[in-house]
Amino acid sequence: MDILFISKYMVVIALIIVMLAALRASAYKSTSMGLLGSSLIVNAFAVVLLIGGDLYNLGFFRDISLALIFFGFVGTIAFAVVLGGEDK
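None of the values given here were measured: they were computed from a predicted structure. Along each chain, residue indices are assigned from 1 in the same order as the chain's sequence is written. Reporting in this predicted model follows two pLDDT cut-offs: at least 70 for local features of residues, and 80 or more for side-chain atom pairs to be given and counted; totals over whole chains, interfaces and linings ignore these cut-offs and use all residues. The basis for every side-chain value is the complete set of non-hydrogen atoms in the structure, without hydrogens or water.

What to know about the overall build of the protein chain
Secondary structure counts use DSSP, requiring at least four H or I residues in a row for a helix and at least two E residues in a row for a strand, with both numbered from the N terminus. Summing up its helical and strand segments, the protein chain has three helices and zero strands in all. Listed N to C, the secondary structure of the protein chain is α-α-α in terms of helices and strands. Overall size of the protein chain, expressed as C-alpha extent along the three principal axes, is 60 × 25 × 15 Å. What makes two residues a contact is simply this: any of their non-hydrogen atoms within 4.5 Å. Considering only contacts within the protein chain whose residues lie at least 6 apart along the sequence, 49% involve residues at least 24 apart.

So this is what it looks like as structure tokens:
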């Protein structure tokens, strides 16, 4: 087995652990921690999709992960603007 092949599986396992930690962090009462946790989960899932697409030679995973990253960022900014209130 190739060391790069093994390292891709190790990164996927590490990202799953990061997702679980982000899920715990997003369970706090503040809205900012919820946004941070959900954004981290989406970004980690997008990286897992990229690695999975590379492992199994599937090209459409790249498009899905790019859309997840882009729309996750836009949704976070839109939610922060709506929740932010008025400037004084």
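Next, the rest of the story.
Observations concerning helix α1 (residues 3–25)
Multiplying 1.5 Å by the residue count of a helix minus one yields the expected span of that helix. Under the 1.5 Å per step criterion, the end-to-end length of α1 is 33 Å for 23 residues, consistent within 8% with the ideal 33 Å. If you check which residues of α1 are buried, you get Lys8, Val12, Leu15, Met19, Ala22 and Ala25. Residues of α1 that are buried sit in contact with α2 (31–55). Each residue gets one of three labels from its accessible area relative to the maximum for its type: buried under 20%, exposed over 50%, partly exposed in between, using a 1.4 Å probe on protein chains only.

As for the side chain of serine 65
Among the secondary structure elements, serine 65 is positioned in helix α3 (residues 60–84). By relative accessible area, which is 2% here, serine 65 ends up buried. Excluding residues that lie within four positions of it along the chain, serine 65 makes contacts with Ala46, Leu49 and Leu50.

Any functional reading would require information that these geometric values do not contain.
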